[in-house]
Amino acid sequence: MTLNVGVIGVGMIGQDHIRRLTHVLSGARVAAVTDVDLARARTVADDLPGAVLHDSGQELIADPGVDAVVVTSWGPTHEEYVLGCIAAGKQVFCEKPLATTEAACTRIVDAEVAAGRRLVMVGFMRRYDPQYRAMKQVVTSGEIGLPLLMHAAHRNPSVPPHYTSDMIINDSTVHDIDVARWMFDDEIAAITVLKPRVSSKAAAGFNDPLLVLLEMASGVVVDVEAMVNAGFGYDIRGEVVCEDGTVELSESAGALVKTAGRVSGRVPANWQERFVRAFDTEFQAWIDAVTAGGTTGPSAWDGYAATVSCETALAALHSGERVPAVLRERPDLYKEGAR
Ligand SMILES: NC(=O)c1ccc[n+]([C@@H]2O[C@H](COP(=O)([O-])OP(=O)(O)OC[C@H]3O[C@@H](n4cnc5c(N)ncnc54)[C@H](O)[C@@H]3O)[C@@H](O)[C@H]2O)c1
C-alpha cells in the first residue's frame, strides 16, 4: 500500500521532505501540496507527477485523496493545520515547533485527547540520529551507572537575517531540550540561562553564546552551550556523565586524518549534513507507523513540553532568574509509548 501524503508549506524543509518522500524512502508518495505562496507550490507540484495543488491547507486536509499530512509551514501556522488534521481524523507529521505558545499546544493536546488516539508526531529528529540513539541505549542500560550530568553544545556556523535573538532558545536550543527529556525519560523542572561574553560576530542585541542549564526532575543537570555564530561549522556535542563512566557523541563526521604530527577531521557544514540520516529514519518510521494504522515518535505532549520549556528558558534569559518549569498533568494518552 502507498501512503498518499499532503504537504502544507513547501519552503526549505518542506521541499526537502518532499524529496525524501519521493526519492529516498519507501511506502509513500506526495499526493498534494499547498503554500500561501501559491506560485511556489505550483512550481513544486509541477515536478510531482499526479500531485494536486490546493489553494489552502484546510482544503488539502479535506482532500479524500490525502491519507496523511506533513505540516512544514511557519511555526505560528502549525496549530491551525494540526487541529484541522485531528478534526479530520488524519495522521499528521508536524515539523517542530508543534505550536509557538503554551496555550496553542494545550489546545492541540486537548483536541487529541478528545479524539482518543494519537494522531500527531512532532519532528524532533535527533531522536533518530544513530549517535544519540547509541548514547541513549548506554544510559538506559544502566551499564555505566546512574546519570548525573549531561554536557551539550549546539554551535551553528551562522544564522540567516530573519533569525532573532530569542530563536537561539526556541529554534536552536529546543532540540537540546527535547534530547534532554528523551535521553533521561524525564521532565525539566527548572531553567537558568547564563550570558557569557558576547561574541564580536553576534548581531546587535544578540546574547550569543548562551549557557542554558536544565534541571531535570530527577536531579540530573544538563548544560547546553548554544552559539549561533561559531563560524567554523555545525558542531553538535553531547556527553552524559554517569556514576561509573561517561558516554559521548563521536567527534568527527568523516575519516580522521593523522599526518605531520597533526590530527584532522571534518566538521559538518550545516544541520542538513549532520542530521540527514536522522531525518530519513524519522520519516520512514512515520510512514511505516501510519501505514500500520497508528503513529510513533515524539508526541503532541513532547511538543507541548518543549514549547513550555522554551517559554521558561526565555523567561530565565530575560529575568536573569532561575525559573521553574510548570507542566499540566500528563494525560493518560501520553503515559505510555515512544518518547
Ligand atoms: N527539525 C528541524 O531541524 C527543522 C529544520 C528546519 C526547519 N524546521 C521547521 O520547519 C518549519 C518550516 O521551516 P523552513 O525553514 O522550511 O521555512 P521556509 O520559510 O523555508 O518555508 C516555510 C513555507 O511555509 C509557507 N507558509 C507560511 N505560512 C503558511 C500558511 N499559513 N499556509 C501554508 N503555507 C505557509 C511559506 O510560504 C514557505 O514556503 C518551521 O516550523 C521550522 O522550525 C525544522
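The protein chain goes by Inositol 2-dehydrogenase in an unreviewed UniProt entry, where it is assigned to Pseudonocardia xinjiangensis. Looking at the protein chain in UniProt, the text filed under Sequence similarities (unreviewed entry) is "Belongs to the Gfo/Idh/MocA family." Reading the Function (unreviewed entry) entry of the UniProt record for the protein chain gives the comment "Involved in the oxidation of myo-inositol (MI) to 2-keto-myo-inositol (2KMI or 2-inosose)."

Participant: So what's going on with the pattern of salt bridges? Residues and values would help.
Facilitator: This model, assessed by the stated rule, comprises 21 salt bridges. Between aspartate 16 and arginine 20 there is a salt bridge, with its nearest N and O atoms 3.2 Å apart. With aspartate 16 and arginine 20 both in helix H1 (residues 12-24) and 4 residues apart, the pair spans about one turn of that helix. Per residue, the accessibility class of aspartate 16 equals that of arginine 20, and both read buried.

Participant: Which residues make up the site of the ligand, and what are the values?
Facilitator: Within the structure, the ligand sits among 26 residues, and Ile13, Asp35, Arg40, Trp74 and Tyr81 are positioned closest to it. Bound to the protein, the ligand loses 85% of the 850 Å² it would expose on its own. Listed by contribution, the elements that provide at least two residues to the shell around the ligand are H1, helix H4 (78-88) and helix H7 (167-184). Of the residues in the shell around the ligand, the class split is 11 nonpolar, 9 polar and 6 charged. If you count residues domain by domain, the shell around the ligand takes at least three from each of domain 1 (3-125 + 279-298) and domain 2 (127-271 + 303-332).

Participant: So what about the domain arrangement of the protein chain? Which residues, and what values?
Facilitator: Interface size is commonly expressed as the accessible surface area that is lost when the partners come together. For the protein chain, the domain assignment lists domain 1 (3-125 + 279-298) and domain 2 (127-271 + 303-332). Each of domain 1 and domain 2 has a C-alpha centre, and these two points are 27 Å apart. Each partner contributes to the roughly 1,800 Å² buried at the junction of domain 1 and domain 2, and carbon and sulfur atoms together form 65% of this total. Three residues, Glu102, Phe124 and Met125, lead the burial of domain 1 against domain 2; their summed loss comes to 36% of the area buried on that side. Across the salt bridge formed by aspartate 110 and arginine 328, the nearest N and O atoms sit 2.8 Å from each other. Those elements that place two or more of their residues in the side of domain 1 that touches domain 2 are H1, helix H5 (102-115), strand E6 (120-122) and helix H9 (276-291). In terms of residues, the side of domain 1 that touches domain 2 owes the most to one element, H5, which gives 6 residues.

Participant: So what's going on with the packing of aromatic side chains? Residues and values would help.
Facilitator: This structure, assessed with the given rule, holds 7 aromatic pairs. Their ring planes at 65 degrees and their centres at 5.8 Å tell us that phenylalanine 93 and tryptophan 286 sit as a pair that is edge-to-face. One end of the pair, phenylalanine 93, is in strand E5 (residues 91-94); the other, tryptophan 286, is in helix H9, and 193 residues separate them in sequence. Look at phenylalanine 93 and you get buried, because its relative accessible area is 0%. Their ring planes at 80 degrees and their centres at 6.3 Å tell us that tyrosine 234 and phenylalanine 275 sit as a pair that is edge-to-face.

Participant: Tell me about unusual backbone geometry, residues and numbers included.
Facilitator: Backbone torsion omega between lysine 96 and proline 97 reads 0 degrees, so that peptide bond is classified as cis. Here the amide bond leading from aspartate 208 into proline 209 is cis, since omega sits at 10 degrees, within 30 degrees of zero. Checked against the element boundaries, proline 209 lands in the loop between strand E8 (188-194) and strand E9 (210-216). The phi torsion at aspartate 185 lies on the positive side, around 45 degrees, for a residue other than glycine. Along the polypeptide, aspartate 185 turns up in the loop between H7 and E8.

Participant: Describe in detail the sheet that holds strand E12 (residues 245-248), supporting the description with residues and values.
Facilitator: Strand order in this open sheet of 7 strands is E12-E11-E7-E10-E9-E8-E15, and the pairing throughout is mixed. Of all the strands in the sheet, the pair left with one neighbour each is E12 and strand E15 (323-324). Running over the sheet, H7 touches strand E7 (147-155), E8, E9, strand E10 (221-227) and strand E11 (235-242) and is turned about 30 degrees from E9. Packed on one face of the sheet, helix H10 (residues 300-319) meets E8, E9 and E15 and runs near 35 degrees to E8.

Participant: Let's hear about the side chain of glutamate 112: which residues, and what values?
Facilitator: When you line up the elements, glutamate 112 lands in helix H5. We note that glutamate 112 is buried and unpaired, the nearest opposite charge coming from arginine 118 at a distance of 4.7 Å. Separated by 2.8 Å, the side chain of glutamate 112 and the backbone nitrogen of valine 120 make a polar contact. Among all residues touching glutamate 112, those that are not within four sequence positions of it are Ile86, Arg117, Arg118, Leu119, Val120, Ala300, Leu333 and Tyr334.

The rules behind these values
- Residues numbered from 1 in each chain as written.
- Predicted model: local features only at pLDDT ≥ 70, side-chain atom pairs only at ≥ 80, totals over all residues.
- Heavy atoms only, no water.
- UniProt positions renumbered as here; feature names shortened; annotations may be inferred.
- Salt bridge = Lys/Arg side-chain N within 4 Å of Asp/Glu carboxyl O.
- Helix = DSSP H or I, 4+ residues; strand = E, 2+ residues; numbered from the N terminus.
- Buried < 20%, exposed > 50% of the residue type's maximum accessible area, 1.4 Å probe, protein only.
- Near = heavy atom within 4 Å.
- Areas by Shrake-Rupley, 256 points an atom, 1.4 Å probe, with all protein chains shown as cover.
- Nonpolar A, V, L, I, M, F, W, Y, C, P; charged D, E, K, R; others polar.
- Domains from an automatic or database assignment.
- Buried area = accessible area lost by both parts, 1.4 Å probe.
- Phe/Tyr/Trp six-rings, centres within 6.5 Å; stacked < 30°, edge-to-face > 60°.
- Pairing = 2+ DSSP bridges.
- Contact = heavy atoms within 4.5 Å.
- Axes fitted to C-alpha atoms, helices over the stretch in contact; angles between N-to-C directions.
- Lys, Arg positive; Asp, Glu negative; His and termini not counted.
- Polar contact = N/O pair within 3.5 Å; in protein donor to acceptor, adjacent residues only side chain to side chain.

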